[in-house]
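# A closer look at the structure
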Amino acid sequence: MNDTLVMKFGGTSVGSVTAIQKVVGIAQDAKSEWRNVAIIVSAMSGVTDKLLKGAKTAAAGNETVAEQIAFELKDKHFMVLEELAPNATKAREAVETLLQEFVSLCHAIRVLGEASPRALDAISSLGERMSAPLVAAVLNEAGIPASAVDTRRVLVTDAVYQFASPDMDATRQQAKQIIVPLFDASQIPVITGFIGASQEGVVTTLGRGGSDFSGAIFGVVLDAQEIWIWTDVSGVMSTDPRIEPLARTIPEVTYKEISELAFYGAKVLHPKTIRPALEHGITLWVKNTFAPESASTRIIEDGNGQKGHIRAVTAIRGQCMITVEGRGMLGVPGIAARLFTAVARSKTSIVMISQASSEQSICFVVPLAARQIVTSALEEEFRHELDRRDIDRISASDDCAIVTVVGAGMRSTPGIAGKVFSAIGAESVNVVAIAQGSSECSISLVVDAPETDTAIQAIHKLIVN
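Within each chain, residue numbers correspond to sequence positions counted from 1 in written order. Where totals are concerned, whole chains, interfaces and linings use all residues; where local detail is concerned, this predicted model gives features only for residues with pLDDT of at least 70, and gives and counts side-chain atom pairs only at 80 or more. For the side-chain quantities, the full set of heavy atoms in the structure was used; hydrogens and water were omitted.

## What about the sheet that holds strand 7 (residues 203-205)?
For two strands to count as paired, DSSP must find a minimum of two bridges between them. Only DSSP runs of H or I covering at least 4 residues are called helices, and only runs of E covering at least 2 are called strands; the numbering of each starts at the N terminus. Here we have three strands laid out as an open sheet, ordered 4-6-7, and mixed in their pairing. Each edge of the open sheet carries a strand with a single partner, namely strand 4 (156-157) and strand 7. For strand 4 and strand 6 (residues 195-198), the ladder comprises two bridges, and the chain directions are parallel. Note that in strand 6 the partner of Val-156 across the bridge is Ala-197.

Put into structure tokens, the structure is as follows:
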């Protein structure tokens, strides 16, 4: 029998009666093959968004919305309990208590007129804190001994609210005291994902990819042999199957490949999730809750993947390309530094950069919503250069998308870029800008928004042919 397995279930995997029934079956099968099984759960799908909506409207002076949301969330959780664990009195009490806390927090936010990062962490943590007792109750009802574990007692973090980082040594010590005894009692700990607490005991959250990150953290501190991330798709796909029906599961992807896919919009794990597992030699899988026997993806170390092949194509939409151009930029030191400093002051993240070899133009891509604030910041920064015509113009495109082709070692493989451009050229897709990552495993193309799907479909043919 294998020793320790950590499984993480996302929001859709615990989002309905049918989904949680699948979780029970998966847990039952895992328990028959592994001595110790730990489960990390997200909030039920849609719950965190509703909680944050309540906080936002409370900050704007409206408490009624939060009260309505509390009623809706109570109904959502109670419906699952009524169907799958009708005798779970403690789980019902936990849900009611947490929703009362939600309403109280929203009242405080309304009085203050703002929602601080610390308050938002407290509110966004409530979804997982309701989900864990619910799933544990359902497992117990099915005859699988389980106990809910609130990670505020276990996962020790710094005090950077909304983007906390774990203290792995302190977390390991807490896990030994709280989780390992559950293993010894042949129980499945059902652990809240996404949340932890500072050394002072104040609730924190781990930010983007938080529940997946929790899976990796507990995989490490519990010395797991494997981590299984359960989602609503069959592993990492070669592209979005809603765009291209011939999309297929990639059996293995490297850390660099999945990092590029995550950054450029693919529905995959955040790189922060993967690193702790790989550094400790833990096998990591991405599986489909709704089709457990279907294909899955294994995440492997860099250098072990297929070289020189296109593995996947993805897109990040809703983008805008900003171009700064002028003959007076040629050979002038510091233009790029000033440009990026001005963008940073606007608190905007740059997604992609491309520069002409003549140094007469620089273009970069930012979210479409930031178009006005970024162009205004640049016009202010370069107002003298614009007056002198050293810079001819600062322009912003209409809605566009970045289409990214991913595959290990593509840069050192002749002909890959040529195939990509030939494929999209055959479909009359106009490429506005190009960039290739220093990681050697991605090529990014900017295209007009209406041509995004056509570009993805054209490139994907290179994968399946």
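## Some remarks on helix 10 (residues 255-263)
Buried means the residue's accessible area, taken with a 1.4 Å probe over protein chains only, is under 20% of the maximum for its type, while exposed means over 50%, and partly exposed covers the values in between. Judged by how many residues are buried, helix 10 sits mostly within the fold: seven of nine residues are covered. Among the residues of helix 10, Tyr-255, Glu-257, Ile-258, Ser-259, Glu-260, Leu-261 and Ala-262 are the ones counted as buried.

## Side note on the pattern of salt bridges
By definition, a salt bridge exists where a carboxyl oxygen of Asp or Glu is found within 4 Å of a side-chain nitrogen of Lys or Arg. Going through the model one piece at a time under the given rule, you end up with 23 salt bridges. The salt bridge partner of Lys-74 is Glu-96, with a shortest N-O separation of 3.0 Å. With Lys-74 in helix 3 (residues 64-84) and Glu-96 in helix 4 (residues 89-112), the pair connects residues that are 22 residues apart, well separated along the chain. Between Arg-311 and Glu-257 there is a salt bridge whose closest N-O contact spans 3.2 Å. On the criterion of sequence distance, the pair formed by Arg-311 in the loop between strand 11 (297-300) and strand 12 (312-325) and Glu-257 in helix 10 is long-range, its members being 54 residues apart. Assessed through its relative accessible area of 9%, Arg-311 is described here as buried. For Glu-257, a relative accessible area of 0% gives the class buried.

## A closer look at the sheet that holds strand 11
Taken in spatial order, the eight strands of this open sheet run 3-5-2-1-8-10-11-9, and their pairing is mixed. Strand pairing shows two members of the sheet lacking a second neighbour, strand 3 (146-149) and strand 9 (252-254), which therefore form its edges. Pairs of neighbouring strands in the sheet enclose a mean axial angle of 25°, with direction left out of account. For strand 2 (residues 34-41) and strand 5 (residues 188-192), the ladder comprises three bridges, and the chain directions are parallel. Paired with Ile-39 across the two strands is Val-190, which belongs to strand 5. Here the axes come from fitting lines to C-alpha atoms, over the contacting stretch only for helices, and the angles between their N-to-C directions go from 0 to 180 degrees.

## So, the environment of Ile-416
With respect to the helices, strands and loops of the structure, Ile-416 is situated in helix 15 (residues 416-426). Under the relative-accessibility criterion, Ile-416 is labelled buried at 7%. As a C-alpha pair, Ile-416 and Ile-310 span 106 residues in sequence and 7.9 Å in three-dimensional space.

## Focus on the packing of helix 7 (residues 168-178) against helix 9 (residues 210-221)
For the pair helix 7 and helix 9, interaxial distance at closest approach is 9 Å and the crossing angle is 70°. The angle between the axes of helix 7 and helix 9 places the two elements in the roughly perpendicular class. The handedness of the crossing between helix 7 and helix 9 comes out as right-handed. Contacts from Met-168, Thr-171, Arg-172 and Ala-175 of helix 7 reach helix 9 at Ile-217, Val-220 and Val-221. In this count, Pro and Cys sit with the nonpolar residues alongside Ala, Val, Leu, Ile, Met, Phe, Trp and Tyr, while Asp, Glu, Lys and Arg are called charged and the others, Gly among them, polar. Considered class by class, the residues forming the contact of helix 7 with helix 9 number five nonpolar, one polar and one charged. Note on terminology: angles under 35 degrees are roughly parallel, angles over 145 are roughly antiparallel, angles of 65 to 115 are roughly perpendicular, and the others are oblique. The handedness criterion is simple: a crossing whose near helix is rotated anticlockwise from the far helix by less than a right angle is left-handed, and one whose near helix is rotated clockwise is right-handed. The contact rule is simple, with two residues in contact once any of their heavy atoms fall within 4.5 Å.

## Thoughts on unusual backbone geometry
The phi dihedral of Phe-194 is positive, around 80°, even though this residue is not glycine. Mapped onto the elements, Phe-194 comes out in the loop between strand 5 and strand 6. Classification of Phe-194 by relative accessible area gives buried; the value is 13%. One non-glycine residue with positive phi stands out, namely Ser-428, at about 60°. Relative to the elements of secondary structure, Ser-428 occurs in the loop between helix 15 and strand 17 (431-436).

## Here's the deal with helix 13 (residues 371-381)
Within helix 13, the full set of buried residues consists of Val-374, Thr-375, Ala-377, Leu-378 and Glu-381. The buried side chains of helix 13 occupy one side of the element, clustering within an arc of 160° when seen end-on. Each element contacted by the buried residues of helix 13 is listed here: strand 12, helix 12 (335-345), strand 14 (361-367), helix 14 (383-388) and strand 15 (393-396). To be clear, the arc concerns the directions from the helix axis to the C-beta atoms.

## Considerations on the packing of aromatic side chains
Put simply, two rings from Phe, Tyr or Trp (the six-membered ring, in Trp's case) pair if the centres are within 6.5 Å, and we call them stacked under 30 degrees between planes, edge-to-face over 60, tilted for the rest. Here the structure, examined in full by the defined rule, presents four aromatic pairs. With a centroid separation of 6.3 Å and an interplanar angle of 90°, the aromatic rings of Trp-34 and Trp-228 are classed as edge-to-face. Pair noted here: Trp-34 is in strand 2 and Trp-228 is in strand 8 (residues 226-231), with a separation of 194 residues, a long-range link. Trp-228 shares its class with Trp-34; the two are buried. Each ring, one from Phe-340 and one from Phe-364, has its centre 6.3 Å from the other, and the planes form 65°; the classification is edge-to-face. A residue pair is termed long-range when its members are at least 10 positions apart, and Phe-340 in helix 12 and Phe-364 in strand 14 qualify at 24 residues. On the basis of relative accessibility, which here comes to 0%, the residue Phe-364 falls in the buried class.

By themselves, these are just geometric observations and shouldn't be taken as functional.
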